[in-house]
Amino acid sequence: MSVNEAAGTRPRNEAVPGAEPIIVVDNVSKSFGPLQVLHGVSLTIERGTMVAIVGRSGSGKSTLLRCMNALDETNGGTIKVCGNAVAMSDRASVKRLRTDVGMVFQSYNLFPHLTVLRNITLALTVVQKKARVEAEKIARDVLALVGLADKAESYPEQLSGGQAQRVAIARSLALSPKVLLFDEVTSALDPELTGEVLKVMEDLARQGMTMVLVTHEMAFARRLADIVVFMHQGKVWEAGPPAEIFADPKTPELRQFLSSGL
Amino acid sequence: MIQFSSTHLIYLIEAARWTVLLSVLAFIGGGAFGLVLALGRVSQHKWLRWLSAAYIQIIQGTPLLVVLFLAYFGLSILGLDIEPIIAAGLSLTVYTAAFLGEIWRGCILSVPKTQWEASNCIGLSRAQQYRYVILPQAARIAIPPTVGFMVQIVKNTSITSIIGFVELARAGQIVNNSTFQPFITFVFVAIIYFAMCYPLSLASRHFERKLNVGK
């Protein structure tokens, strides 16, 4: 996607004054066996902002996102989402987390045996106990939002990658989460398909949705993120508004990363 | 000497109904218990996993004949005088459950981990994940090997002739005892078994193609 960076910037969202940050990551570490992937990461995410986490493969950015959503257990430190401490072992806490946080994956992870509509209504009827009619109305609304109203009866295998990813976003949106996590959602897509997914994310950002994305789309992060976080070797190296991060990298690591042409 | 006649053939076919009934019993009982075992094998509770694995290992390592003897003679020693049909149905259930449990465990595990994560993230409980997301996908994968295993069940019912249960194989022995024409008798027995198993094999192949397993 070609991005006109000068003309395409959006008005930055300001953090809601006096409001609690929506996600607070405090000194979190995480190891997979002998391999430590997060070394005391701290990060605060304000309501209504878009935060882009960038960095090389293996820098721990996806793991951080997964820890925020209790898909991986942390080995130290704390994570609070909407004031609720995240702990994989605490069922009540995870249950609350599921109502607050939506997540979109690199490989879409739609349910292949269900229609697009049922993919979206499943949690609405089963978890939120909504009536079928109401759930289907919500599903059709979010499908329209991502521009796929005509695909309700299709099965995931009949969709292109870009369409599948937009359905995955719609599936998360239908549950009206307070924050959406995006884990390299365009990395599996052909370049001509990433645009349609980024467009949907841009619309969401403009509507004030709190979003945390792990991404390799540097132009997108630069144009739309309120905060860019650079991770390297399991630590947050630098964080700040994209103008600062991109124009004036403080560390040689970030400078090198930016010049590597990603 | 009595010649093999249509009367004998009809007798064999009637006995084959018991073979079908036994197969259906084994499949229903073994399927229900097998599902419990499969879920036990992938349970989050260690002792459930252990218990299911132990059961499967023991039964898979024991000849069906021995299971049958234990059910028929063993239980009668314990004072339970059971009918051959009950002993046959019970032992086939016990045996089938172990194999289906292991087959289905593999099918459940072959559903990608990401399906668990995605359904977890939208708030489904573990039971809901199984019901709405994991088992429907596992079932698709399970159809060809399950139908294939049913062929084995149909043929294995013949072993119950040993405790005097008159199904197709036992009926063949009885006919042979009166006609002394083992060749023609057992050719017909074989043809009837084939007529029951071949449609199952065809169905298994059909599902395999239709579901594109291994795509």
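Residues numbered from 1 in each chain as written. Chains lettered and ligands numbered in written order. Predicted model: local features only at pLDDT ≥ 70, side-chain atom pairs only at ≥ 80, totals over all residues. Heavy atoms only, no water.

**Here's the deal with the overall build of chain A**
Phase 1 of the analysis: Looking only at helices and strands, chain A has 10 helices and 10 strands in total.
Phase 2 of the analysis: Taken over the C-alpha trace, chain A has a radius of gyration of 18 Å; the compact-globule value for 262 residues is 18 Å, and the two agree within 12%.
Phase 3 of the analysis: Within chain A, the proportion of its 262 residues that are buried is 54%.
Phase 4 of the analysis: For chain A, long-range pairs separated by at least 24 residues make up 66% of all intrachain contacts whose partners lie at least 6 apart in sequence.
Phase 5 of the analysis: When the accessible surface of chain A is split by element, carbon and sulfur atoms take 51% of a total near 11400 Å².
Phase 6 of the analysis: Taken as two groups, the 29 positive and 28 negative side-chain charges of chain A have centres that lie 5 Å from each other. (Helix = DSSP H or I, 4+ residues; strand = E, 2+ residues; numbered from the N terminus. Rg over C-alpha atoms; globule rule 2.2 N^0.38 Å. Buried < 20%, exposed > 50% of the residue type's maximum accessible area, 1.4 Å probe, protein only. Contact = heavy atoms within 4.5 Å. Areas by Shrake-Rupley, 256 points an atom, 1.4 Å probe, with all protein chains shown as cover. Lys, Arg positive; Asp, Glu negative; His and termini not counted. Charge placed at Lys NZ, Arg CZ, Asp CG, Glu CD.)

**Some words on the layout of surface pockets**
Phase 1 of the analysis: Its boundaries defined by the atoms lining it, the largest pocket holds a volume of some 1100 Å³.
Phase 2 of the analysis: Every residue lining the largest pocket is counted, 34 residues in all, and those nearest its centre are Gln44, Asn120, Leu124, Arg126 and Gln129 of chain B.
Phase 3 of the analysis: Those elements that place two or more of their residues in the lining of the largest pocket are helix H3 (91-100) of chain A together with helix H1 (6-41), helix H4 (84-109), helix H5 (113-121) and helix H6 (126-156) of chain B.
Phase 4 of the analysis: Across the lining of the largest pocket, the residue classes tally to 15 nonpolar, 10 polar and nine charged. (1 Å grid on protein atoms, 1.4 Å probe; cavity = no way out; pocket = protein on both sides within 12 Å on 5 of 7 lines; lining within 4 Å. Points joined across faces, edges and corners; volume = space filled by probe spheres on them. Nonpolar A, V, L, I, M, F, W, Y, C, P; charged D, E, K, R; others polar.)

**Examining the pattern of salt bridges**
Residues and elements named next belong to chain A.
Phase 1 of the analysis: Per the counting criterion, the structure on display carries 15 salt bridges over all chains.
Phase 2 of the analysis: For arginine 132, the salt bridge goes to glutamate 136, with nearest N and O atoms at 3.3 Å. Separated by four residues within a single helix, arginine 132 and glutamate 136 lie in helix H5 (residues 132-145), roughly one turn from each other.
Phase 3 of the analysis: Judged by relative accessible area, which is 21%, glutamate 136 ranks as partly exposed.
Phase 4 of the analysis: Here arginine 166 ties to glutamate 196 by a salt bridge, and the two come within 2.5 Å at their closest N and O atoms. Placement of arginine 166 in helix H6 (residues 161-173) and of glutamate 196 in helix H7 (residues 191-206) is noted, with a sequence separation of 30 residues between them. (Salt bridge = Lys/Arg side-chain N within 4 Å of Asp/Glu carboxyl O.)

**Regarding the sheet that holds strand E2 (residues 35-45) of chain A**
All names here are of chain A.
Phase 1 of the analysis: Taken together, the four strands give an open sheet; going across it, the order is E2-E1-E4-E5, and neighbouring strands pair in antiparallel fashion. Every interior strand has two partners, whereas the edge strands, E2 and strand E5 (84-85), have only one.
Phase 2 of the analysis: The sheet contact formed by strand E1 (residues 23-32) and strand E4 (residues 76-81) spans five bridges and is antiparallel. If you follow valine 24 over to E4, its bridge partner there is lysine 80.
Phase 3 of the analysis: Across the face of the sheet, helix H2 (residues 61-68) comes into contact with E1, E2 and E4 while running at roughly 65 degrees to E2. (Pairing = 2+ DSSP bridges. Axes fitted to C-alpha atoms, helices over the stretch in contact; angles between N-to-C directions.)

**What about the pairing of strand E7 (residues 179-183) of chain A?**
All names here are of chain A.
Phase 1 of the analysis: Most of E7 sits inside the fold, with five of its five residues counted as buried.
Phase 2 of the analysis: A two-sided burial pattern is seen for E7, the buried positions comprising Val179, Leu181 and Asp183 on one face and Leu180 and Phe182 on the other.
Phase 3 of the analysis: Here four bridges tie strand E6 (residues 101-104) to E7, and the two strands are oriented parallel to one another. Each residue of the ladder has a partner; that of valine 104, found in E7, is phenylalanine 182.
Phase 4 of the analysis: In this fold, the crossover linking E7 to strand E8 (residues 210-214) by way of H7 has right-handed handedness. (Right-handed = clockwise from strand over helix to strand, strands pointing away.)

**Notes on the interface of chain A and chain B**
Phase 1 of the analysis: Listed as interface residues are 23 residues of chain A and, on the opposing side, 17 residues of chain B.
Phase 2 of the analysis: Taken together, the two surfaces of chain A and chain B that pack against each other cover about 1700 Å², and 62% of this comes from carbon and sulfur.
Phase 3 of the analysis: Among the residues chain A hides against chain B, the three largest losses belong to Arg98, Phe111 and His113 of chain A. Together they make up 30% of the total.
Phase 4 of the analysis: For the pair chain A and chain B, the number of links is one salt bridge.
Phase 5 of the analysis: In this structure, arginine 66 of chain A and glutamate 117 of chain B form a salt bridge, with 2.6 Å as the shortest nitrogen-oxygen distance.
Phase 6 of the analysis: Within the residue set of the side of chain A that touches chain B, elements represented by two or more residues are E6 and helix H4 (116-126) of chain A.
Phase 7 of the analysis: Here the side of chain A that touches chain B takes four residues from H4 of chain A, the largest share from any one element.
Phase 8 of the analysis: The residue inventory of the side of chain A that touches chain B, partitioned by class, reads 13 nonpolar, four polar and six charged. (Buried area = accessible area lost by both parts, 1.4 Å probe.)

**A closer look at a nonpolar patch on the surface**
Residue and element names in this part refer to chain B.
Phase 1 of the analysis: Where nonpolar side chains cluster on the molecular surface, the patch consists of Trp18, Leu21 and Leu25 and spans about 260 Å² of accessible area.
Phase 2 of the analysis: As for its position among the elements, tryptophan 18 is in helix H1.
Phase 3 of the analysis: According to the relative accessible area criterion, tryptophan 18 is partly exposed, its value standing at 39%. (Patch = residues over 30% accessible without salt bridge, like charges linked within 9 Å, V, L, I, M, F, W, Y side chains within 5 Å.)

**A closer look at the UniProt feature "domain: ABC transmembrane type-1" (unreviewed entry) in chain B**
Phase 1 of the analysis: The UniProt record annotates "domain: ABC transmembrane type-1" (unreviewed entry) at residues 16-204 of chain B.
Phase 2 of the analysis: Secondary structure over residues 16-204 of chain B splits into 83% helix and 0% strand, and the C-alpha atoms at its two ends are 22 Å apart. (UniProt positions renumbered as here; feature names shortened; annotations may be inferred.)

**Points about the nonpolar core**
Phase 1 of the analysis: Formed by 114 residues in total, the largest nonpolar core has its most connected members in Ile23, Met68, Phe182 and Met201 of chain A.
Phase 2 of the analysis: Setting aside its immediate chain neighbours within four residues, methionine 201 of chain A contacts Met50, Ile169, Phe182, Val185, Met211, Leu213 and Phe220 of chain A.
Phase 3 of the analysis: Residues Leu12, Leu168, Val175 and Val189 of chain B belong to the second largest nonpolar core, which totals 17 residues. (Core = buried A, V, L, I, M, F, W, Y, C linked by side-chain atoms within 4.5 Å.)

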